Amino acid sequence: MKITIIGSGYVGLVTGACLAQVGNDVLCLDTDPAKIAILENGGIPIHEPGLDKLIAENRRAGRIRFTTDVELATAHGQVQFIAVGTPPGEDGSADLSYAIAAARNIGRHMSDYKVIVDKSTVPVGTADQVGAAVAEELQKRGAELPFAVVSNPEFLKEGAAIDDFQKPDRIIIGSEDPQALEVMRRIYAPFNRNHDRLITMDARSAELTKYAANAMLATRISFMNELANLAEHLGADIEHVRQGIGSDPRIGFDFLYPGCGYGGSCFPKDVKALIHTARGTPQGGLRILEAVEDVNQHQKTRLAAKIRQRLGEDLRGRHFALWGLAFKPRTDDMREASSLVLIDELLDAGATVTAYDPAAMSVAEALLDGREGIRFADSAAACLDQADALVIVTEWNEFRSPDFDQIRDHLKQPLIFDGRNLFEPEQLQALGIEYLPFGRAVGGGNQVLAA
């Protein structure tokens, strides 16, 4: 099948590469010539494990190509996937200008039947707006051409996106058009062989499903972060609590790890967008999600608060080693990353920071260019020299089993602030390292913190 992917960012490239891998003829469109040049020269503009090899393999086979030519891209695919960005506005609403522009381009240039697929995460009612934009452009041309609009939200985790696409938990198709549904079934048949994962519904329900899924996961994270903070005051161990409640099959273990807050391109944006949507209805809002968002913003400040509680409010002359910059492991994405909040607070308090991340160094250097007091190391060990403490922000695998003797010997004092609870407190106590995680029992017993 000939397929066009509009938008060669994270979702677009993963979708295009995975669809090409099963034999489709894929053309990826982007209006950014620099991005297309990178792709045509064999690079990729994002960090996603395995994506470079997958794209290279399919380029050699002639199954995936890249272009900036809108007319060519529209003519190519019977199916047009819209996978453009929907950045948040100041009021939390999703900016649909790129999605609507893509729809208008399809309407301007299409010459036969098209299935237009909203792959981007978009508010409820976007499929109707996309359809209206296409119809308006066709009317301007005096053309009567058939088309259908389908909502097909992505459920890709950064760092595991290829596996998520190729082995999906579910495939949501929002459409009541029989012809479009049949086309979508054919597209996803190679990923749907073991058992039927395809769920069909109306477009508005599909759009809400995507937001509801991310909002639920964000809620679990904020709930556990609140409990971890409470555990510190009560002298309980949140890891024991996590195991206790996660053993209940009605709850499960996923997304029950406390830490220094969630970030990335999805959860913060989608929670805010769903809140904004609800405020525009007679319901007036979503009180639970408003609390989830407030808790997360507060949680991102907790690492700095722990540092100030231990070392004092005035951090002038203090130097910190920071492990982890990306919002999560296996990505270079620093959008809404907790590390940025921490770095700002430490620098504002007069401290200096040396940071390391396995993937996000170039992104961090661009974001923090010109900030005094921050520098970057080429390894985790190189961060440690003469630091007053080690601060862990991202749970990369290479941080999980470090050389603790090296850490103790290189720091000015053996002190670790852990925003992801990577280690066992008893182990570090036995090694002579002071360890301050989130909600864990510290010091051989439960350390009750002052309210």
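A brief structural summary. (Residues numbered from 1 in each chain as written. Predicted model: local features only at pLDDT ≥ 70, side-chain atom pairs only at ≥ 80, totals over all residues. Heavy atoms only, no water.)

## Details of the overall build of the protein chain
Part 1: Looking only at helices and strands, one finds 17 helices and 14 strands in the protein chain.
Part 2: Taken against the 2.2 N^0.38 rule, which gives 22 Å for 451 residues, the C-alpha radius of gyration of the protein chain at 24 Å falls within 12% of a compact globule.
Part 3: Considering only C-alpha atoms, the protein chain reaches an extent of 75 × 50 × 40 Å along its principal axes.
Part 4: Taking all 451 residues of the protein chain together, the buried fraction comes to 53%.
Part 5: For the protein chain, long-range pairs separated by at least 24 residues make up 72% of all intrachain contacts whose partners lie at least 6 apart in sequence.
Part 6: Of the roughly 19600 Å² of accessible surface on the protein chain, a fraction of 49% belongs to carbon and sulfur atoms. (Helix = DSSP H or I, 4+ residues; strand = E, 2+ residues; numbered from the N terminus. Rg over C-alpha atoms; globule rule 2.2 N^0.38 Å. Buried < 20%, exposed > 50% of the residue type's maximum accessible area, 1.4 Å probe, protein only. Contact = heavy atoms within 4.5 Å. Areas by Shrake-Rupley, 256 points an atom, 1.4 Å probe, with all protein chains shown as cover.)

## Here's the deal with the pairing of strand E4 (residues 79-82)
Part 1: Burial of E4 is two-sided: the residues Val79 and Phe81 facing one way and the residues Gln80 and Ile82 facing the other way are all buried.
Part 2: Sheet analysis places strand E1 (residues 2-6) next to E4, joined by four bridges and oriented parallel. Bridge pairing in E4 places Thr4 opposite Gln80.
Part 3: Following the chain from E4 across helix H5 (residues 97-109) to the adjacent parallel strand E5 (residues 114-118), one finds a crossover that is right-handed. (Pairing = 2+ DSSP bridges. Right-handed = clockwise from strand over helix to strand, strands pointing away.)

## Some words on the packing of helix H9 (residues 203-234) against helix H10 (residues 238-246)
Part 1: For the pair H9 and H10, interaxial distance at closest approach is 9 Å and the crossing angle is 135°. Classified by the angle between their axes, H9 and H10 sit oblique to one another. Judged by the twist between their axes, the crossing of H9 over H10 is right-handed. From H9, Met224, Leu227, Ala228 and Ala231 reach across to H10, where they touch Ile238, Arg242 and Ile245.
Part 2: In terms of residue class, the contact of H9 with H10 is built from six nonpolar, no polar and one charged. (Axes fitted to C-alpha atoms, helices over the stretch in contact; angles between N-to-C directions. Parallel < 35°, antiparallel > 145°, perpendicular 65-115°, else oblique. Left-handed = near helix turned anticlockwise from the far one by under 90°. Nonpolar A, V, L, I, M, F, W, Y, C, P; charged D, E, K, R; others polar.)

## Description of helix H14 (residues 338-348)
Part 1: For H14, the full list of buried residues reads Ser338, Ser339, Leu342, Ile343, Leu346 and Leu347. Buried residues in H14, looked at end-on, bunch into an arc of 155°, giving them a common side.
Part 2: On its buried face, H14 is in contact with helix H13 (302-311), strand E9 (319-323), strand E10 (352-356), strand E11 (374-376) and strand E12 (389-392).
Part 3: Two residues or fewer past H14, Gly350 is found with a positive phi of approximately 100°. (Arc of directions from axis to C-beta.)

## A few points about the sheet that holds E12
Part 1: The six strands are arranged E11-E10-E9-E12-E13-E14 in an open sheet whose pairing can be described as parallel. Each edge of the open sheet is held by one strand with a lone partner, namely E11 and strand E14 (434-436). Between one strand axis and the next, the sheet turns through 20° on average, direction left out of account.
Part 2: With three bridges joining them, E12 and strand E13 (residues 415-418) adopt parallel strand pairing. The residue of E13 that forms the bridge with Ile392 is Asp418.
Part 3: Of the strands in this sheet, E9, E12, E13 and E14 touch H13, which is tilted by about 155° from E13.

## Structural notes on unusual backbone geometry
Part 1: For Gln386, which is not a glycine, the phi torsion comes out positive at approximately 60°.
Part 2: Along the chain, the position of Gln386 falls in the loop between E11 and E12.
Part 3: On the basis of relative accessibility, which here comes to 52%, the residue Gln386 falls in the exposed class.
Part 4: At Asn421, a position not held by glycine, the phi torsion is positive, near 55°.
Part 5: A relative accessible area of 16% means that Asn421 is categorised as buried.

## A short note on the nonpolar core
Part 1: Core analysis: the biggest nonpolar cluster contains 55 residues, and Ile307, Phe320, Trp323, Leu325, Leu342, Leu390 and Phe417 have the highest contact counts within it.
Part 2: Every residue in contact with Leu390, bar those within four places of it in the chain, is listed here: Ala321, Trp323, Leu384, Ile407, Leu411, Leu415, Ile416 and Phe417.
Part 3: One finds Leu19, Ile64, Ile162 and Tyr188 within the second-largest nonpolar core, a separate group that totals 42 residues. (Core = buried A, V, L, I, M, F, W, Y, C linked by side-chain atoms within 4.5 Å.)

## Re the packing of aromatic side chains
Part 1: Under the criterion given, the structure shown has nine aromatic pairs.
Part 2: Relative to Phe191, the ring of Phe165 lies with its centre 5.2 Å away and its plane at 90°, an arrangement referred to as edge-to-face. Note that Phe165 is positioned in helix H7 (residues 161-166) and Phe191 in the loop between helix H8 (178-188) and strand E8 (198-201), a separation of 26 residues in sequence.
Part 3: You can call Phe165 buried: its relative accessible area is 5%.
Part 4: Through a chain of ring-to-ring contacts, the aromatic side chains of Phe165, Tyr188 and Phe191 assemble into a single cluster.
Part 5: The aromatic ring of Phe155 is capped on one face by Arg170, whose charged end is 3.8 Å from the ring centroid.
Part 6: Stacked on the ring of Phe438, the Lys or Arg Lys306 has its end atom at 5.0 Å from the ring centre. (Phe/Tyr/Trp six-rings, centres within 6.5 Å; stacked < 30°, edge-to-face > 60°. Lys NZ or Arg CZ within 6 Å of the ring centre and 35° of its normal.)

## Topic: the pairing of strand E7 (residues 171-174)
Part 1: Burial along E7 is two-sided: the face carrying Ile171 and Ile173 and the face carrying Ile172 and Gly174 are both buried.
Part 2: Strand direction decides the pairing type here: E7 and E8, joined by four bridges, are parallel. Each residue of the ladder has a partner; that of Ile172, found in E8, is Ile199.
Part 3: You can see the chain leave E7, run along H8 and come back into E8, and the turn it takes is right-handed.

## Remarks on the pattern of salt bridges
Working definition: two side chains of opposite charge can pair if their charged atoms are close together.
Part 1: Throughout the structure, instances matching the rule amount to 33 salt bridges.
Part 2: Between Glu293 and Lys272 there is a salt bridge, and its shortest N-O distance comes to 4.0 Å. With a gap of 21 residues between them, Glu293 in helix H12 (residues 287-299) and Lys272 in helix H11 (residues 267-279) connect regions that are remote in the sequence.
Part 3: Relative accessible area serves as the criterion here: at 11%, Glu293 is assigned to the buried category.
Part 4: Residue class for Lys272 comes out partly exposed when judged on its relative accessible area of 24%.
Part 5: Within this structure, Arg104, Arg108, Glu136, Glu137 and Lys140 form a network of salt bridges that share partners. (Salt bridge = Lys/Arg side-chain N within 4 Å of Asp/Glu carboxyl O.)

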